[in-house]
Amino acid sequence: MSLRRTSVQALLGSQELEREVVVNGWVRTRRGNKYVQFIAVNDGSSIHNIQVVADAEKFPEESLKDVTTGSCVAVRGQLVASQGKGQSVEIQAAEITVLGKADPEEYPLQKKGHSLEFLREIAHLRPRTNTFGAVLRVRHALAFAVHQYFNDHGFYYIHTPIITGSDAEGAGQMFRVTTLPDQNPPLTEDKAGVDYKQDFFGKQTNLTVSGQLEGEVAAMALGKVYTFGPTFRAENSNTARHLAEFWMIEPEVAFNDLQDNMELAEDFLKYLVRYALDKCADDLQFLNDQYDKELLERLRFVVDNDFQRLTYTEAVEILKSAKKKFEFPVDWGTDLQSEHERYLVEKHFKKPVILTDYPKDIKAFYMKLNDDDKTVRAMDVLFPGIGEIIGGSQREEDLEKLRARMAAMHVPEDELWWYMELRKFGTAPHAGFGLGFERLILFVTGMANIRDVIPFPRFPKNAEF
RNA sequence: GCUUCCUUAGCUCAGCCGGUUAGAGCAUCUGACUGUUAAUCAGAGGGUCCCUGGUUCGAGCCCAGGAGGGAGCGCCA
């Protein structure tokens, strides 16, 4: 087989028939009778399979014994118009080589559907299913679209550190990074604790929970930047919307205010959804048919309609006058619960919502204080079924106001001296936000659990694979 | 971390009020069938009813503890 192999995707779209081709891939099903066998082969390039036809004259049953669901094959043959109804082209096989057998008594994947919970337990094989193939292709397309969008809009991609020396980022519990021995680590002189001065970096270090603070450093020099990297949270979160390791996209823009920030967030999200609709039509159609009959309709709705913008204070008024009884009371000054956000997005407005100007006490220290001295220029973008998909703000650029907020919220100045110096030297208004990449994929694919939109999910009590 | 539900064949699940030998569909194996489309048809094999203990003449079913999983909530993106 010296002929170069062609992808299934390319073959299915080919107009040049009656030519010899080679395709490599994994067998999804084999069916037929004693005269002719049909083998559905998938190589991951498409949700669709190519049908390989093996006539019994050339391929006696014995020769196809190892061509079973899950096995890996190399096929050489003629690409021809299909005699059957389900496909336009197929391969009339001349040679079939089994590259890797898959004992049908043991291979866990079958032609018929499996539960997503079961597939989670065989994460090393689940990419071979239609569903995960579709999800992973969509995931790729969206990652590519993120870079495309920012590059087209003059942003620079900044690599912020994975290992961070500050534990003051204010976004939850962190994973410790250390090379000290876990048995008898060196202790401080007063024996009160571990002496991290002797650790690899000479101080306590952790995995990052956000690239934002370093992103601000870059924005104060390059103007428009974004990060796109892994993020780690050691929270004991057990929900369908949380992971311990996830990917986050964080643009940060000098001279942007909160309005600009909202414009960017909405335009960016619509671009990403539109990109998926354009580039992943087959995969999204499959997901629409299999999991969520309203998926495509919902995606088009988001692209075609403006997000609803209102302040936290206005949202509280709406919720207070709502007829619905909430489990948790709504009060100005407390954070909104999931049920409140869902009511606003799914019942009241029936569209994505951007909430702004939250009470200062429930938001992070770096958010810019409004003139009312009560609220900050924060924004949360809420999506149906997902909840918060973006959280962001205009940042406090005034050194003294920032210092006062840090003191009030017990954020240690000495660890963030460099962050404060951004305000000391050539400060500028700026704003940014964080988009949870997996939450975006959840929305675009219609999947229900965030553990099903990342190849190797990390969550409490689970780091298999 | 809290609340709640689930765990029966390789997979998805049924199993009545606690009662004799635990069932179905799919998968697998065998056979039939000249173009199938998650092929179809016939037959066969396949069980630590999650684990431990208890109640009972008798437990897949009731009770207690444990393990694993799901959903909701909290924290958040």
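A brief look at the structure comes next. (Residues numbered from 1 in each chain as written. Chains lettered and ligands numbered in written order. Predicted model: local features only at pLDDT ≥ 70, side-chain atom pairs only at ≥ 80, totals over all residues. Heavy atoms only, no water.)

### Overview of empty space enclosed by the protein
Okay, step 1: Under the criterion given, the structure shown has one cavity of 30 Å³ or more.
Okay, step 2: Approximately 50 Å³ is the volume attributed to the largest cavity.
Okay, step 3: Taken together, Asn33, Lys34, Tyr35, Val36, Gln37, Ala54, Asp55, Ala56, Phe59, Pro60 and Glu61 form the lining of the largest cavity.
Okay, step 4: Among the elements of the structure, β2 (36–42) and β3 (50–55) are those that each provide at least two residues to the lining of the largest cavity.
Okay, step 5: Of the residues that constitute the lining of the largest cavity, the class distribution is six nonpolar, two polar and three charged. (1 Å grid on protein atoms, 1.4 Å probe; cavity = no way out; pocket = protein on both sides within 12 Å on 5 of 7 lines; lining within 4 Å. Points joined across faces, edges and corners; volume = space filled by probe spheres on them. Helix = DSSP H or I, 4+ residues; strand = E, 2+ residues; numbered from the N terminus. Nonpolar A, V, L, I, M, F, W, Y, C, P; charged D, E, K, R; others polar.)

### A short note on the environment of threonine 131
Okay, step 1: Along the chain, threonine 131 falls in helix α3 (residues 130–152).
Okay, step 2: Its relative accessible area of 9% is what places threonine 131 among the buried residues.
Okay, step 3: Residues threonine 131 and glutamate 263, 132 residues apart in the sequence, show an inter-C-alpha distance of 33 Å.
Okay, step 4: Setting aside its immediate chain neighbours within four residues, threonine 131 contacts Leu116, Phe286, Leu287, Tyr291 and Met447.
Okay, step 5: A distance of 2.7 Å separates a polar atom in the side chain of threonine 131 from a polar atom in the side chain of tyrosine 291. (Buried < 20%, exposed > 50% of the residue type's maximum accessible area, 1.4 Å probe, protein only. Contact = heavy atoms within 4.5 Å. Polar contact = N/O pair within 3.5 Å; in protein donor to acceptor, adjacent residues only side chain to side chain.)

### Describing the pattern of salt bridges
Okay, step 1: For the coordinates displayed, the defined rule picks out 22 salt bridges.
Okay, step 2: A salt bridge links aspartate 380 to lysine 363, with the nearest nitrogen and oxygen atoms 3.3 Å apart. Taken as a pair, aspartate 380 in strand β14 (residues 375–383) and lysine 363 in the loop between β13 (353–359) and β14 lie far apart in primary sequence, 17 residues in all.
Okay, step 3: Several salt bridges share partner residues, and in doing so they unite Glu263, Glu266, Lys270, Asp306 and Arg309 into one network. (Salt bridge = Lys/Arg side-chain N within 4 Å of Asp/Glu carboxyl O.)

### Observations concerning the layout of surface pockets
Okay, step 1: When its volume is computed, the second largest pocket comes out at roughly 720 Å³.
Okay, step 2: In terms of lining, the second largest pocket is formed by 32 residues, of which the most central are Arg28, Thr29, Asn49, Lys111 and Asn130.
Okay, step 3: Of all elements in the fold, only β1 (19–32), β3, α3 and α6 (281–290) reach the threshold of two or more residues within the lining of the second largest pocket.
Okay, step 4: Here the lining of the second largest pocket gets five residues from one element, more than from any other, and that element is β1.
Okay, step 5: Each residue belonging to the lining of the second largest pocket can be placed in one class, and the counts come to 11 nonpolar, 16 polar and five charged.

### Concerning the sheet that holds strand β9 (residues 205–207)
Okay, step 1: Pairing in this open sheet of three strands is antiparallel, and the strands run β7-β9-β8 from one edge to the other. The sheet terminates laterally at β7 (163–164) and β8 (176–177), the two strands that pair on one side only.
Okay, step 2: With two bridges joining them, β8 and β9 adopt antiparallel strand pairing. Counterpart to arginine 176 in the pairing with β9 is asparagine 206. (Pairing = 2+ DSSP bridges.)

### A word on the packing of helix α7 (residues 295–304) against helix α12 (residues 437–445)
Okay, step 1: Contact geometry of α7 with α12 gives a least axis separation of 8 Å together with a crossing angle of 120°. Classed by the angle they form, the pair α7 and α12 counts as oblique. Facing α7, whose interface residues are Leu295, Arg298, Leu299 and Val302, α12 presents Phe443, Val444 and Thr445.
Okay, step 2: Residues belonging to the contact of α7 with α12 are distributed by class as follows: five nonpolar, one polar and one charged. (Axes fitted to C-alpha atoms, helices over the stretch in contact; angles between N-to-C directions. Parallel < 35°, antiparallel > 145°, perpendicular 65-115°, else oblique.)

### Some words on the protein's contact with RNA strand B
Okay, step 1: Lining the immediate surroundings of RNA strand B are 50 residues, of which Arg31, Gln51, Glu105, His242 and Arg439 lie closest.
Okay, step 2: Across the atoms of RNA strand B situated within 4 Å of the protein, the share located in sugar and phosphate is 50%.
Okay, step 3: Between RNA strand B and the protein, one listed contact pairs a base nitrogen with a side-chain N or O atom of glutamate 90 at 2.5 Å.
Okay, step 4: Glutamate 388 places a polar main-chain atom, nitrogen or oxygen, 2.9 Å from a sugar or linking oxygen of RNA strand B.
Okay, step 5: Elements that contribute at least two residues to the surface near RNA strand B include exactly β1, β5 (89–100), α2 (116–120), β11 (245–254), β15 (387–394) and β16 (430–436).
Okay, step 6: With four residues, the top contributor of residues to the surface near RNA strand B is β15.
Okay, step 7: Its residues assigned to classes, the surface near RNA strand B shows 10 nonpolar, 25 polar and 15 charged. (Near = heavy atom within 4 Å.)

### What to know about the pairing of β13
Okay, step 1: Counting buried positions along β13 gives seven out of seven residues, so the element sits mostly inside the fold.
Okay, step 2: Pairing of strand β12 (residues 308–311) with β13, which is carried by four bridges, proceeds in the parallel orientation. Bridge pairing links threonine 311 to threonine 356 in β13.
Okay, step 3: Relative to β14, β13 is paired through six bridges, and the arrangement is antiparallel. Within β14, the residue paired with threonine 356 across the bridge is methionine 379.

### Focus on the packing of aromatic side chains
Okay, step 1: Scanning the entire structure with this criterion turns up 20 aromatic pairs.
Okay, step 2: Seen in terms of ring centroids, tyrosine 271 and tyrosine 275 are 6.2 Å apart; in terms of plane orientation they differ by 35°. Their pairing is tilted. Of the two residues, tyrosine 271 and tyrosine 275 both sit in helix α5 (residues 258–279), four residues apart, roughly one turn of that helix.
Okay, step 3: It is arginine 451 that lies over the ring of phenylalanine 459; its NZ or CZ is 3.6 Å from the centre. (Phe/Tyr/Trp six-rings, centres within 6.5 Å; stacked < 30°, edge-to-face > 60°. Lys NZ or Arg CZ within 6 Å of the ring centre and 35° of its normal.)

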